[in-house]
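Below, each chain spelled out in residue letters.
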Amino acid sequence: MIKKDKVSFTVTSASNNVFRLRGFYGNGERQVIETDLDQENDRKEIDDVPQQDDDGIIAVAETNIASLFKTRTTPFLAVGAIDFGTTYSGCAFSTVQNFKTNPLLINTFQLDHKNVSSFKTPTVLLLTPEGKFHSFGATAESHYVTLARKEEANEWYYFNRFKMELYKNKELRRNMVLKDVGGKPMKAMLVFAFCIEFIKDLVLDKLKASIHGLEDDDVHWVVTVPAIWNEQARQFMIEASAKVT
């Protein structure tokens, strides 16, 4: 039985950005860690934090804090927002230049050409029999119907209405497993990461078309989470987002 202790980390970067992280970990002596990130590369290795393996309860105890929160000394050029919903998902973005001209100028677009009646698309994920990403949204729904008609759907992974499983699970773990509509298991962290990466790449393409020379790390990303979620569920979304390249 793992004893769960509340822990809070305060991480201050060389640029004086402060992040306060909360979570749970197993038995350990330290409950609060304060550290300055290395000024040269904005990272600090924390070796004396009790760690959990993949079976451990969700924690913020990471050997490399910068792997989750990357600080920077130069301003962001744009903001990308991902509205990851239970039923539908959407996105929005704005550039710093547009914000200075008109703060209300916020852009969005249709995530899926299969769903032309709305800017949002169903929160549905389709993976190949090998567990690789195939499609998301209305396109995933349409392709799965085609597979079902050909009686080829059984080997594929089809996920829908899975987001609130994070809220229902009171002892959330990194290795939590979701079952698709056919009962086939897949790591929840991968399912969420696939969805976030799909939307993130579309938003990034739009931003790169607007800002010449924009790099991936020039964008500040925001992912919505329900207000009713506990800290463990929020941390799960942070770590799933961190898996996105």
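Residues numbered from 1 in each chain as written. Predicted model: local features only at pLDDT ≥ 70, side-chain atom pairs only at ≥ 80, totals over all residues. Heavy atoms only, no water.

In the nomenclature of an unreviewed UniProt entry, the protein chain is known as Heat shock 70 kDa protein 12B,Heat shock 70 kDa protein 12A of Mytilus edulis.

Draft legend 1. The overall build of the protein chain, seen in detail. Counting secondary structure elements, the protein chain contains five helices and 12 strands. Counting across all 245 residues of the protein chain, residues that qualify as buried make up 43%. Look at the contacts in the protein chain between residues 6 or more apart in sequence, and 57% of them connect residues 24 or more apart. Accessible surface computed for the protein chain: about 13,600 Å², of which carbon and sulfur atoms make up 50%. (Helix = DSSP H or I, 4+ residues; strand = E, 2+ residues; numbered from the N terminus. Buried < 20%, exposed > 50% of the residue type's maximum accessible area, 1.4 Å probe, protein only. Contact = heavy atoms within 4.5 Å. Areas by Shrake-Rupley, 256 points an atom, 1.4 Å probe, with all protein chains shown as cover.)

Draft legend 2. Structural view of the nonpolar core. Ranked by internal contacts, the top residues of the largest apolar core, which has 38 residues, are L125, F159, F162, L166, L178 and F192. Counting residues per element, the ones that place at least two in this core are β4 (78-83), β5 (88-95), β7 (124-127), β9 (157-160), α4 (188-210) and α5 (231-242). Sort the elements by how many residues they give to this core and α4 lands first, with 11 residues. Those residues in contact with L125 that lie beyond four places of it in its chain are F133, S135, F136, A140, Y157, Y158, F159, V191, F194 and C195. (Core = buried A, V, L, I, M, F, W, Y, C linked by side-chain atoms within 4.5 Å.)

Draft legend 3. Quick peek at the pairing of strand β8 (residues 133-136). Direction of pairing for β7 relative to β8: antiparallel, over a ladder of three bridges. By the bridge assignment for β8, L126 is matched with S135. Here β7 folds back onto β8 in antiparallel fashion, the turn holding five residues, of which G131 has a positive phi close to 85°. (Pairing = 2+ DSSP bridges.)

Draft legend 4. Broad picture of the packing of aromatic side chains. According to the stated counting rule, one finds 11 aromatic pairs in the structure shown. Put simply, the rings of F84, Y157, F159, F162, F192 and F236 touch in pairs and so form one group of aromatic residues. Above the face of the Y157 ring, K184 is positioned so that its terminal group lies 5.7 Å from the ring centre. (Phe/Tyr/Trp six-rings, centres within 6.5 Å; stacked < 30°, edge-to-face > 60°. Lys NZ or Arg CZ within 6 Å of the ring centre and 35° of its normal.)

Draft legend 5. Highlighting the sheet that holds β5. Strand order across the open sheet formed by four strands is β6-β5-β4-β12, with mixed pairing between neighbours. Two strands lie at the open edges of the sheet, namely β6 (121-122) and β12 (219-223), each paired on one side alone. Across two bridges, β5 lies against β6 in antiparallel orientation. By the bridge assignment for β6, S89 is matched with T121. Strands in contact with α4 are β4, β5 and β12; relative to β5, the strand with the most contacts, it is inclined by about 30°. (Axes fitted to C-alpha atoms, helices over the stretch in contact; angles between N-to-C directions.)

Draft legend 6. Looking closely at the pattern of salt bridges. Per the counting criterion, the structure on display carries six salt bridges. Notably, a salt bridge pairs D83 with K120, separated by 2.8 Å at the nearest N-O pair. Note that D83 is positioned in strand β4 and K120 in the loop between α1 (96-101) and β6, a separation of 37 residues in sequence. Under the relative-accessibility criterion, D83 is labelled partly exposed at 27%. (Salt bridge = Lys/Arg side-chain N within 4 Å of Asp/Glu carboxyl O.)

Draft legend 7. Quick peek at the environment of A153. Structurally, the position occupied by A153 is in the loop between α2 (138-149) and β9. Leaving out residues up to four positions away in the same chain, A153 has contacts with Y144, L147 and A148.

Draft legend 8. How the structure looks around α2. An ideal rise of 1.5 Å per residue puts 16 Å on 12 residues; α2 measures up with 17 Å between its terminal C-alpha atoms. Among the residues of α2, those classed as buried are A138, A140, Y144 and L147. On its buried face, α2 sits against β6, β7, β8 and β9. Where α2 terminates, the next one or two residues include E151, which has phi positive at roughly 60°. (Expected span 1.5 Å × (residues − 1).)

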